[in-house]
Structures are given as structure tokens and as C-alpha cells.
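Below, each chain spelled out in residue letters.
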Amino acid sequence: MAEADWRQTLTTEVLATRYGVVAEVIEPVHMGTDTINRRVLTDDGLRLFVKQYPLTADLDAAREAWAMSEYCRAAKLPVPRVWPDMDDNLVTIARGSAWAVVDEAPGRVNMSAMAVPLAENIGVVMGRMHRVLAAYPLPGRLQHTRWRTESVDDAVARCDAVIVRAVREGHHDLDQLGADIEQRREDLRGQVPRLRDRLPGILVEQALHADLSRTNLITSPIPSPASSTSVA
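Values in this document were obtained by computation on a predicted structure and should not be read as measured data. (Residues numbered from 1 in each chain as written. Predicted model: local features only at pLDDT ≥ 70, side-chain atom pairs only at ≥ 80, totals over all residues. Heavy atoms only, no water.)

Caption draft 1: Region of the structure containing the overall build of the protein chain. Broken down by element type, the protein chain carries 6 helices and 9 strands. Per-residue burial over the protein chain gives 35% buried out of 232 residues. By sequence separation, contacts in the protein chain at least 24 residues apart represent 62% of the contacts at least 6 residues apart. When the accessible surface of the protein chain is split by element, carbon and sulfur atoms take 55% of a total near 13,500 Å². (Helix = DSSP H or I, 4+ residues; strand = E, 2+ residues; numbered from the N terminus. Buried < 20%, exposed > 50% of the residue type's maximum accessible area, 1.4 Å probe, protein only. Contact = heavy atoms within 4.5 Å. Areas by Shrake-Rupley, 256 points an atom, 1.4 Å probe, with all protein chains shown as cover.)

Rendered as C-alpha cells:
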């Protein structure tokens, strides 16, 4: 069995046994450096986003992130619903991997030049998230070192690994991805020292803020010059 067919069969089995969902269509999503991502259309018309983690991943951090996402959704922020598994877990363990399933956010990743109304809308959503999370019980772990001391060269190497993986998996737009990764390399080399100089004395890790990028923002047109924003 080809690897793609095996992965599709695996996803179908996990969704059926752990979530009671029958998958009709499964499509790979070529994004993410540490997870395997898929879009799923179910037999009753639901559109889901499935994230597969290796068991070597920090699963406690993943659980904290999804729990925080549900907290934000309960506060009416535009965050997709996380599906609990049969045992009410937001991260399930099955077939040698960890899995999370969420509703697919409507809209698309917008990589065109950002207009002012869209930038303002993103700022409004993030401001609402700041206010909501001000009341959230903070995770017990503090991030004192990674943002201050992690090697920039190591981060650049991970950018290179994204390109290698994208080529292997047949990414649909390698030219655009290559341009985005090159911009990320330039940002890492040029901006990290300046940002580190302005970091506060104590840093607390929270979901979403650590990975705010254009590829993690889903936008959809609305009947005004702006666009609505969802946090993926």
C-alpha cells in the first residue's frame, strides 16, 4: 500500500473509532513543521481539520493549547470548535500517534498584500483575545529561556527542513513557500536581537500568541472593506 493510501486509511480508522465520524474525503494539508495535517469531509457534510502529532511531541502543551482554544471560543472569539474524543479528551491517542480534530474554519489563508482594513480587523481580534485571556488561569510552566537563548541558526535550519518536507510531500506552490521561508530567514537573522532586547522579565507561554503568522490566520470576505478573521 502506498504511503498516502496508508495514511488515509489510518485517518479514517482513527476518526471512526475515537470520534464516531465517517470520513468521505481526506485531503492532505501541506503546512506545519511538527504535525501532519488533513482536511476531512464527513459523510454528513461536516468539514473538519485533523492534526496528527508524533508521540514524541509535547502532548501536555498540546492539551493546554486546545483547552485554551475552547476557552476563547466560549468567550465568542472566532476560534474553531475542538472535538472531544469518545472519552472526552481534546487530544486522543490512537495507532501510535496523538490526534486533535477541530471544525474547519471558513475562509482561506490570504497571502496577498495586507490592506489596512484587514490589518485593523486582525488587531481587533487579537485585542479581544488579550482581554479574554487576562482572566484565564495561566499554565504552570514559564518560558524563561527559549525566546532569549535559542540559536537563530537552529531556527533557520528548521526553515530549511520545511522546504525539504514540502518538496517530499508535493506542496502545491513551492515558489510562494520558498519566498515565505526566505522572508522568515531574513526576519530571524535581522529582527531577533532587537526583539530580545525588549522582552519582559517574565514570559508566560500561551497558545496562539506564540504562532501568530499569516499562514495561521483564516480570512473570509464580509460586505464591507474589511475581512473577518479566524485564528487557526
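Past the structure itself, the notes keep going.
Caption draft 2: Quick look at the packing of helix H2 (residues 59-74) against helix H3 (residues 116-133). Two numbers describe how H2 lies on H3: the axes approach to 10 Å, and their chain directions differ by 105°. Taken together, the axis directions place H2 and H3 in an arrangement best described as roughly perpendicular. Contacts between H2 and H3 involve Met68, Tyr71 and Cys72 from the former and Met129, Val132 and Leu133 from the latter. Each residue belonging to the contact of H2 with H3 can be placed in one class, and the counts come to 6 nonpolar, no polar and no charged. (Axes fitted to C-alpha atoms, helices over the stretch in contact; angles between N-to-C directions. Parallel < 35°, antiparallel > 145°, perpendicular 65-115°, else oblique. Nonpolar A, V, L, I, M, F, W, Y, C, P; charged D, E, K, R; others polar.)

Caption draft 3: Representation of the side chain of Ser97 in the model. By the secondary structure assignment, Ser97 is in strand E6 (residues 97-103). At 2.9 Å, the side chain of Ser97 forms a polar contact with the side chain of Gln52. (Polar contact = N/O pair within 3.5 Å; in protein donor to acceptor, adjacent residues only side chain to side chain.)

Caption draft 4: Geometry of the packing of helix H5 (residues 152-169) against helix H6 (residues 174-197). At a minimum axis separation of 10 Å, H5 and H6 run at an interaxial angle of 170°. One element, H5, and the other, H6, form an angle in the roughly antiparallel class. From H5, Val152, Ala155, Val156, Cys159, Asp160, Val162, Ile163, Ala166 and Val167 reach across to H6, where they touch Leu174, Leu177, Gly178, Ile181, Arg184, Arg185, Leu188, Arg189, Val192 and Arg196. For the contact of H5 with H6, the residue count by class is 13 nonpolar, 1 polar and 5 charged.

Caption draft 5: Molecular detail of the side chain of Thr35. Note on placement: Thr35 falls in the loop between strand E1 (23-29) and strand E2 (36-42). A polar atom in the side chain of Thr35 sits 3.2 Å from the side chain of Asn37. In this structure the side chain of Thr35 is engaged in a polar contact, spanning 3.4 Å, whose partner is the side chain of Lys51. Setting aside anything within four residues of it in sequence, one finds Thr35 in contact with Lys51, Gln52, Tyr53 and Arg165.

Caption draft 6: Representation of H5 within the structure. For H5, with 18 residues, the first-to-last C-alpha span of 26 Å sits near the 26 Å given by 1.5 Å per residue. Contact partners of the buried residues in H5: E2 and H6. Its side-chain oxygen at 3.2 Å from the backbone nitrogen of Asp153, Ser151 defines the N-terminal cap of H5. Directly after H5, the chain includes Gly170, whose backbone phi takes a positive value near 75°. (Expected span 1.5 Å × (residues − 1).)

Caption draft 7: Representation of the nonpolar core in the model. Core analysis: the biggest nonpolar cluster contains 14 residues, and Leu15, Val40 and Val101 have the highest contact counts within it. The set of elements that each furnish at least two residues to this core consists of helix H1 (3-19), E1, strand E3 (47-54) and E6. In terms of residues, this core owes the most to one element, H1, which gives 4 residues. Of all hydrophobic cores here, the second largest spans 12 residues; its members include Met68, Cys72, Met126 and Met129. (Core = buried A, V, L, I, M, F, W, Y, C linked by side-chain atoms within 4.5 Å.)

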